[in-house]
Number of protein chains: 2
Amino acid sequence: MNWRAKLLKLDGLMPHVSDTNALEWGTLADCAEDAELVFLGLDTDESGGTKPCFAAVPAVGDASPRMANPRLWAVMATLSPDDLAIYGGARSVVDWHARHRFCAACGGSTELAKGGWQRNCTNCGAQHFPRTDPVTIMLVEHDDKLLLGRGLGWPEKAYSALAGFVEPGESIEEAVAREVLEESGITAREVHYIASQPWPFPSQLMMGCTAIAEDTEITLDETELADARWFTRDEVQAAMSGDADAPMNTPPKQAIAHHLLQWWLDKGK
Amino acid sequence: MNWRAKLLKLDGLMPHVSDTNALEWGTLADCAEDAELVFLGLDTDESGGTKPCFAAVPAVGDASPRMANPRLWAVMATLSPDDLAIYGGARSVVDWHARHRFCAACGGSTELAKGGWQRNCTNCGAQHFPRTDPVTIMLVEHDDKLLLGRGLGWPEKAYSALAGFVEPGESIEEAVAREVLEESGITAREVHYIASQPWPFPSQLMMGCTAIAEDTEITLDETELADARWFTRDEVQAAMSGDADAPMNTPPKQAIAHHLLQWWLDKGK
C-alpha cells in the first residue's frame with residue numbers, strides 16, 4: 001500500500017462531494033485489500049509532489065447504463081469542469097469493469113489488468129478493453145430553422161438535437177444522415193463535424209455535427225421520439241436566454257447539445 | 001425460409017469473391033437451420049424488387065481482431081467501394097457475435113436478437129450491442145513537414161499517420177493530443193477533424209484529424225512504434241506518386257491515412 005496514493009470516494013457509482021462542491025478523496029486504506037483498483041493518473045499538488053490516483057471497482061455496475069439519474073445530474077451540475085472530467089472518466093471505466101467480470105468469448109472469469117485499462121480472461125486468455133461508443137448528435141438546418149426532437153418520456157418542453165449511435169460499417173457522416181432519416185424522415189446533406197465531448201452514461205463519445213435538410217416534412221419515428229419540430233432562431237434564442245415563454249427548454253449546460261445550440265446562434269450573428 | 005433472401009458467402013470471416021471481383025451471395029438454404037443470422041439490409045434489383053440480405057455468424061471469431069491478414073488485404077483491394085462497405089459492415093457484426101456468445105455481466109449464454117444488432121443474455125437478461133471503437137488518426141504538421149510513424153513489425157519504408165484509440169473520458173481533440181505526446185513526445189495543438197472511415201478489424205471508426213506541432217524533437221515510445229520522423233512535402237509527394245526512390249511507402253488506398261496524405265498535399269498546392 002502506498003500511503004500517498006489517493007482513492008476517489010464513490011458510493012457505488014455516485015461521487016462523494018464536499019461542502020465546496022469538490023470531489024472527495026480518501027486513501028487506499030479506505031478500500032478492501034482485494035478491491036480491484038483502476039489507475040486514474042498522477043495528481044500534482046502545490047509543492048510539486050505527485051500522488052497516484054485510483055478508483056475502486058464497485059460490486060455492481062450501472063443497472064441502466066444508458067441514462068443519468070436525476071440525483072447524479074444535480075450533483076454533476078455543481079462540479080468544476082476538471083472534477084467533472086475526472087469523475088466522468090473514472091465512472092466510465094469502473095462501471096465497465098463492474099459489468100464485465102466475465103469473458104464474452106468463453107464465459108470464464110476475467111480479472112483487471114494493466115492498471116485497470118484492460119481485463120484478461122482467466123480461462124481462455126482473451127483480452128478485453130473498456131469500450132467507448134461513438135454517438136452522433138446533430139443540428140439539422142433548413143432556411144434558418146433547426147430540427148429538434150423530444151425523447152420519449154422527456155418533459156413537455158424539453159427539446160434537443162437528434163442523436164444516435166454510429167453503427168459498425170458507417171462513417172460519422174453516414175451515421176448522421178441515417179439517424180436523421182430514421183428518426184424524422186428528413187434527408188440530410190452537407191454533414192460537418194463541429195466538436196466532441198465524452199459522456200459517461202455509460203461511456204459515450206458525443207460527436208456534434210451540423211447538416212442541411214433537403215426538405216421539411218417530418219415523419220416521426222414514434223419508437224424513438226415523442227415529437228420533432230422546426231424552431232426559428234428567435235425561438236432558440238429565447239429558450240437559451242431562459243425566457244419562460246419560449247416554446248422549448250434547452251438542454252443543460254453540461255451537455256454538448258447546449259454548446260451546439262449556442263454555436264448555431266453565434267454563427268448566425 | 002424466404003427463398004428470395006440472399007446470404008453473403010463467407011468462409012469463416014473471409015469473403016467469397018467472383019472472377020469479376022464481386023462479393024458472392026447464396027441463399028438461406030446454404031446455412032444450417034440453427035445458424036444465427038444477421039440482417040444486413042434490403043437489396044433492390046434492376047426490376048425494383050427487394051431481397052433481404054443476411055450473413056451467418058461463423059463458429060469462431062477473429063483470433064487477432066486488431067489486424068487484417070495479408071490474404072484478406074489483397075482480396076479487399078479488388079472489391080468495389082460498395083462491396084467493400086457491405087463486407088466491412090457484415091464482417092464487423094458477425095465477428096462481434098462470434099466473440100460474444102457469453103454475457104460479460106454474469107457469464108451466461110447469450111443469443112442473437114433484433115435481427116443481429118443485439119445479443120440478450122439467457123440468464124440475467126442483460127442486453128449487449130455490437131461495439132464500434134473510435135480511433136483517432138492524425139497528420140501532425142510543423143513548418144510544412146509531416147510527422148509519420150512506422151509501427152512495430154512494419155516493412156522498412158512503411159510510414160503512416162500516428163493513431164490511437166479514444167479512451168473513456170476524452171474528447172477526440174484530447175485523444176489526438178495525448179496519443180501524439182505518448183507516441184512521439186511532441187506537443188500538438190489546433191486539432192481539427194477532417195474525415196472519418198469505418199475499419200472492420202474488428203470494428204473501428206477511424207477519425208482523421210490534423211494538428212500543429214509546437215516542437216520537432218521526437219521522443220519515441222518504443223513499445224508502440226519502430227520509428228517516427230518528419231517528412232517534407234516533396235518526400236510525401238514522391239511516395240504518393242509511387243516513386244521507388246522515395247524515403248517512404250504510403251499506406252494503401254483503402255486506408256483513410258492515404259486520403260489524409262492526399263488531402264495534405266492538395267491543401268498545400
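Residues numbered from 1 in each chain as written. Chains lettered and ligands numbered in written order. Predicted model: local features only at pLDDT ≥ 70, side-chain atom pairs only at ≥ 80, totals over all residues. Heavy atoms only, no water.

1. Details of helix α4 (residues 233-240) of chain A
Residues and elements named next belong to chain A.
Point 1. When we look at burial in α4, the residues that qualify are R233, V236, A238, A239 and M240.
Point 2. As for α4, its buried residues are in contact with β11 (145-151), β15 (225-232) and α5 (256-267).
Point 3. Of the residues one or two after α4, G242 is the one with positive phi, at around 85 degrees. (Buried < 20%, exposed > 50% of the residue type's maximum accessible area, 1.4 Å probe, protein only. Helix = DSSP H or I, 4+ residues; strand = E, 2+ residues; numbered from the N terminus. Contact = heavy atoms within 4.5 Å.)

2. Considerations on helix α5 (residues 256-267) of chain B
Residue and element names in this part refer to chain B.
Point 1. With twelve residues, α5 extends 16 Å between its outermost C-alpha atoms, agreeing within 8% with the 16 Å of an ideal straight helix rising 1.5 Å per residue.
Point 2. Within the sequence span of α5, burial applies to I256, A257, H258, L260, L261, W264 and L265.
Point 3. Buried-residue contacts for α5 involve β10 (133-142), β11 (145-151), β13 (188-199), β14 (204-213) and α4 (233-240). (Expected span 1.5 Å × (residues − 1).)

3. Here we look at the confidence of the model for chain A
Point 1. Mean pLDDT for chain A: 93, with 97% of residues reaching 70 or above.
Point 2. Within chain A, helix α1 (residues 70-76) of chain A has the poorest average pLDDT of any element, 85, and strand β10 (residues 133-142) of chain A the best, 98. (pLDDT = per-residue confidence, 0-100.)

4. Points about the domain arrangement of chain A
Residue and element names in this part refer to chain A.
Point 1. The assigned domain composition of chain A is domain 1 (6-99) and domain 2 (133-267).
Point 2. Here the C-alpha centre of domain 2 lies 30 Å away from the C-alpha centre of domain 1.
Point 3. Residue-level contacts link 14 residues of domain 1 with eight residues of domain 2.
Point 4. Taken together, the two surfaces of domain 1 and domain 2 that pack against each other cover about 970 Å², and 67% of this comes from carbon and sulfur. (Domains from an automatic or database assignment. Buried area = accessible area lost by both parts, 1.4 Å probe.)

5. Comments concerning the sheet that holds strand β4 (residues 25-26) of chain A
Residue and element names in this part refer to chain A.
Point 1. Spatially, β4-β1-β6-β5 is the arrangement adopted by the four strands of the open sheet, whose pairing is mixed. Only two strands of the sheet have a single neighbouring strand rather than two, namely β4 and β5 (37-44).
Point 2. The sheet contacts of helix α2 (residues 81-98) involve β1 (6-8), β4, β5 and β6 (50-56), and relative to β5 the element is tilted by about 160 degrees. (Pairing = 2+ DSSP bridges. Axes fitted to C-alpha atoms, helices over the stretch in contact; angles between N-to-C directions.)

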